[in-house]
Amino acid sequence: MKKITKITTAFITAVTILSLTACGKSQLSPEMEQAIKDLDSYCAKHPVCLRMDSMEYPEQNIIYDFTGDGSDDIITGIMFGSGLVRDIVIVYDVANQVFYTIGDEKDSYVIQEFDDGLLTVERYTYPDKYSTGKIAFYNNELVFRKITSREYFENLDKESSLEDIVEEIGPYGIRGSGIIYHVWKLDDGTEAHVVFNSKGKIEMIYIIDGDNSERIYKREH
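Sequence positions are assigned chain by chain, starting from 1 and proceeding in written order. The predicted origin of the model limits local features to residues at a pLDDT of at least 70 and limits the giving and counting of side-chain atom pairs to 80 or more, whereas totals for whole chains, interfaces and linings rest on all residues. Only heavy atoms go into the side-chain values, all of them from the structure, while hydrogens and water stay out.

Undergrad: Just to check I follow, could you spell out the overall build of the chain for this structure?
TA: Summing up its helical and strand segments, the chain has four helices and 14 strands in all. With 221 residues in all, the chain has 44% of them scored as buried. The criterion used for residue contact is that any of the two residues' heavy atoms lie within 4.5 Å. Considering only contacts within the chain whose residues lie at least 6 apart along the sequence, 40% involve residues at least 24 apart. Working note: accessible area of the chain is about 12,300 Å², and carbon and sulfur atoms make up 49% of it. By the criteria applied, helices consist of DSSP H or I runs no shorter than four residues and strands consist of E runs no shorter than two, each listed in order from the N terminus. Three exposure classes are used, based on accessible area relative to the maximum for each residue type with a 1.4 Å probe and protein chains only: buried under 20%, partly exposed in between, and exposed over 50%. Residue burial considers only the protein chains on display, and all accessible areas are found by Shrake-Rupley using a 1.4 Å probe.

Undergrad: Would you take a moment to explain helix H4 (residues 162-169) for this structure?
TA: Residues three or four positions apart in an α-helix share a direction because the helix packs 3.6 residues into each turn. For H4, the complete set of buried residues consists of Leu162, Ile165, Val166 and Ile169. For H4, the angular spread of buried residues about the axis comes to 100°, placing them on one side. Turned more than 90 degrees off the buried face of H4, the exposed positions are Glu163 and Glu168. Residues of H4 that are buried in the fold lie against strand S9 (141-146), helix H3 (150-155), strand S11 (181-185), strand S12 (191-196) and strand S13 (202-209). Two residues or fewer past H4, Gly170 is found with a positive phi of approximately 100°. The directions considered for the arc run from the helix axis to the C-beta atoms.

Set out below in structure tokens:
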């Protein structure tokens, strides 16, 4: 029942926002205008299809190099089907004209936020399980990673490489200039900031809560 309510609310919100923003779209390049038409055509291939909206990006055309190939992609979501309704997230690789999707009969994904290159989604798993996490582009596919807890970093093998951590929990943000901090958002609203040394080993791990910083690991030399 909760799923039906969420879908109905999302549908009404999407239609309302689309009607309000139809005349106020930001200027896009001809290539991106065509890419958006391609996305609409892709959506039209699905039964009873609606391009979805997020609160921050009401037109659901998030333009960002999500695949990391140096060219902008478009990130969007669609809801389709009658009876069995599905929400999926699409990354359209405009340069290569490839659609990457995540979502199926069992798992649905709705975009919640896009910040610093990180795509936060809510996953619904049939029949009544919800979880929040990140979608990453990994090994040429979209993968879902749950938001991680402080305990993960406390118990982490400190010989783990950046690639090891990304494979387990997904992408990160970057902070700092002289010292580079690799940042993961945690499930309690805090952040883990990890510093790697020149050999690619974990040097320090901090837990950041607003203006408070707690160092939970420092490599002994």
